[in-house]
Amino acid sequence: MDKSIYTREYAIVLRLMKQAREHAGITQVELAKRLKQSQSFVSKMERGDRRIDIVQLRTICGIYGLRLSEFVQRFEKELGARG
């Protein structure tokens, strides 16, 4: 298993996270405030410079009004489409 954060799969996660944020109408600054983090933390997270875990992803999905299971379904669909 590749340990790099720069995998095709992780690139899909990052793209879907950014899309979900934009669809929710939330800026990086707003997300950072809700996470009690800096805007640079969010920027690094979306660029893939900072890896997030499943708990953080669940929290972020909640802020976007999205269930983690919905996010995972989108991810699986993208993987299948690009498989």
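Remember, predicted model here, so these are calculated numbers, not experimental data.

Draft legend 1. Highlighting the pattern of salt bridges. Inspection of every chain in the model, using the stated rule, returns four salt bridges. Across the salt bridge formed by D49 and R47, the nearest N and O atoms sit 2.7 Å from each other. The class of D49 is partly exposed, set by a relative accessible area of 45%. The partly exposed category is assigned to R47, whose relative accessible area is 48%.

Draft legend 2. The environment of V29, seen in detail. Relative to the helices and strands, V29 resides in helix α2 (residues 28-35). Judged by its relative accessible area of 43%, V29 is partly exposed. Note: C-alpha distance between V29 and K44 (15 residues apart in sequence) is 13 Å.

Draft legend 3. Broad picture of α2. Along α2, the residues that are buried comprise Q28, L31, A32 and L35. In a view along the axis of α2, the buried residues occupy a sector of 100°, so they form one face of it. Opposite the packed face of α2, turned more than 90 degrees from it, sit the exposed residues K33 and R34. On its buried side, α2 packs onto α1 (8-23), α3 (39-47) and α4 (54-63). Downstream of α2 by one or two residues, K36 has phi in the positive range, about 60°.

Draft legend 4. View of the nonpolar core. With 24 residues, the main nonpolar core has M17, L31, M45, Y64 and F71 as its most contacted residues. Elements that contribute at least two residues to this core include exactly α1, α2, α3, α4 and α5 (68-82). Residues in contact with F71, not counting those within four places in the same chain, are V13, L16, M17, L57, C61 and L66.

So, how was this worked out
- Residues numbered from 1 in each chain as written.
- Predicted model: local features only at pLDDT ≥ 70, side-chain atom pairs only at ≥ 80, totals over all residues.
- Heavy atoms only, no water.
- Salt bridge = Lys/Arg side-chain N within 4 Å of Asp/Glu carboxyl O.
- Buried < 20%, exposed > 50% of the residue type's maximum accessible area, 1.4 Å probe, protein only.
- Helix = DSSP H or I, 4+ residues; strand = E, 2+ residues; numbered from the N terminus.
- Arc of directions from axis to C-beta.
- Contact = heavy atoms within 4.5 Å.
- Core = buried A, V, L, I, M, F, W, Y, C linked by side-chain atoms within 4.5 Å.

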